[in-house]
Amino acid sequence: MGKGAMIELYTWPTPNGHKIHIMLEEIGLPYRVHPIDIGRGDQFDPAFLEISPNNRIPAIVDPDGPGAAPMALFESGAILIYLAEKTGRLLASEGVARYRAIEWLMFQMGGVGPMLGQAHHFRRYAPEKVPYAIERYTNEARRLYGVLDRRLAEAAYLAGDDYTIADIATFPWLRSSENQGVDMDEFPNVKRWFETVAQRPTVARGLEVLSEKRRAGPITEEERAVLFGDKQFGIRPSGAKSSGGDAR
């Protein structure tokens, strides 16, 4: 596959968005940023849904995809693997090193992201405090940090000696440890790894993408409805009929 075409990146400054910002900086592919304001509801625009049918960021369009044909791709883990294989960077082509990286990438996709996201949500964004949910997800966040800490006690990076897409995927989710109810000082191996990754110039550049759009204060009720409530769950496939009087 070619390496010179401009990647069209549809994103927002969230942990999942930052994964791809960092990856593109790491591999040096040119890219054009298309902001998708998820608080305003840009993710429900029909044009974006053609690229990302699950109405989530990030998504990319590579005009020079497999067979030199354009290719759209959503899901951050899939995008990381695709870009790694396109460039031959940050993911071994075979052997144990390849599967260690994929293993820890799947750990992030299936555990770190969803569970830390829930801890963050119930501790910060939920309209009412739900003690059971706060305790459940805070405890799970701490458990996952413990898994990472034990791994990083025996390896420099998640997949072993080398920095890979597994580290890129996990790092942005740990930037909000306090909001997840976690004191990173209790996990010294994670803290060492985190500080090492944060010092990479490519990581710093990736975190700057759309940084001016990051929220400084609490979300509005309109944004809450878009992100977590009626507007989020009221979106239906084209032609679908409501089961009741709800016409949203």
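What counts and what doesn't
Residues numbered from 1 in each chain as written. Predicted model: local features only at pLDDT ≥ 70, side-chain atom pairs only at ≥ 80, totals over all residues. Heavy atoms only, no water. Helix = DSSP H or I, 4+ residues; strand = E, 2+ residues; numbered from the N terminus. Buried < 20%, exposed > 50% of the residue type's maximum accessible area, 1.4 Å probe, protein only. Contact = heavy atoms within 4.5 Å. Polar contact = N/O pair within 3.5 Å; in protein donor to acceptor, adjacent residues only side chain to side chain. Pairing = 2+ DSSP bridges. Axes fitted to C-alpha atoms, helices over the stretch in contact; angles between N-to-C directions. pLDDT = per-residue confidence, 0-100. Parallel < 35°, antiparallel > 145°, perpendicular 65-115°, else oblique. Left-handed = near helix turned anticlockwise from the far one by under 90°. Salt bridge = Lys/Arg side-chain N within 4 Å of Asp/Glu carboxyl O.

### As for the environment of Arg123
Structurally, the position occupied by Arg123 is in helix α4 (residues 95-125). By relative accessible area, Arg123 is classed as partly exposed at 31%. It is 7.9 Å that separates the C-alpha atoms of Arg123 and Gly181, two residues lying 58 residues apart in sequence. Residue contacts for Arg123: discarding those within four places in its chain leaves Lys129, Ile134, Thr138, Glu178, Asn179, Gln180 and Gly181. Of note is the side chain of Arg123, whose polar atom sits 3.2 Å from the side chain of Thr138.

### Some details on the sheet that holds strand β1 (residues 7-11)
Within a sheet, each strand pairs with its neighbour through backbone hydrogen bonds, oriented either parallel or antiparallel. Sheet architecture is open: four strands sit in the order β2-β1-β3-β4, paired in mixed fashion. With one partner strand each, in any of the chains shown, β2 (31-35) and β4 (71-74) form the two edges of the open sheet. Neighbour to neighbour, the strand axes of the sheet diverge by 20° on average, direction disregarded. Packed onto the sheet, helix α1 (residues 15-27) meets β1, β2 and β3 (59-62) and runs at close to 155° relative to β1. Along the sheet, helix α3 (residues 76-87) makes contact with β3 and β4, crossing β4 at roughly 135°.

### Section: the environment of Asn179
With respect to the secondary-structure elements, Asn179 resides in the loop between α6 (165-170) and α7 (188-198). What Asn179 contacts, discounting residues up to four positions off in sequence, is Ala119, His120, Arg123 and Arg124.

### Here we look at the confidence of the model for the chain
Chain-level statistics for the chain give a pLDDT mean of 91 and a share of 90% at 70 or above. In the model of the chain, helix α10 (residues 230-234) stands out as the element of lowest mean pLDDT, 66, in contrast to α6, which has the highest, 99.

### Some thoughts on the packing of α3 against α4
Where α3 meets α4, the axes come as close as 10 Å, and the angle between the chain directions of the two elements is 155°. Between α3 and α4, the crossing angle belongs to the class labelled roughly antiparallel. Between α3 and α4 lies a crossing whose hand is right-handed. In contact with Ser76, Gly77, Leu80, Ile81 and Glu85 of α3, α4 contributes Arg98, Leu105 and Met109.

### Observations regarding the pattern of salt bridges
Counting across every chain of the model gives eleven salt bridges. Residue Arg205 pairs with Glu25 through a salt bridge whose shortest N-O separation is 2.9 Å. Placement of Arg205 in helix α8 (residues 201-208) and of Glu25 in helix α1 is noted, with a sequence separation of 180 residues between them. Across the pair Arg143 and Glu140 runs a salt bridge whose closest N-O atoms are separated by 2.9 Å. Residue Arg143 and its partner Glu140 are both found in helix α5 (residues 131-154); the two are separated by three residues, about one turn of the helix. The exposure class of Arg143 is partly exposed, given its relative accessible area of 45%.

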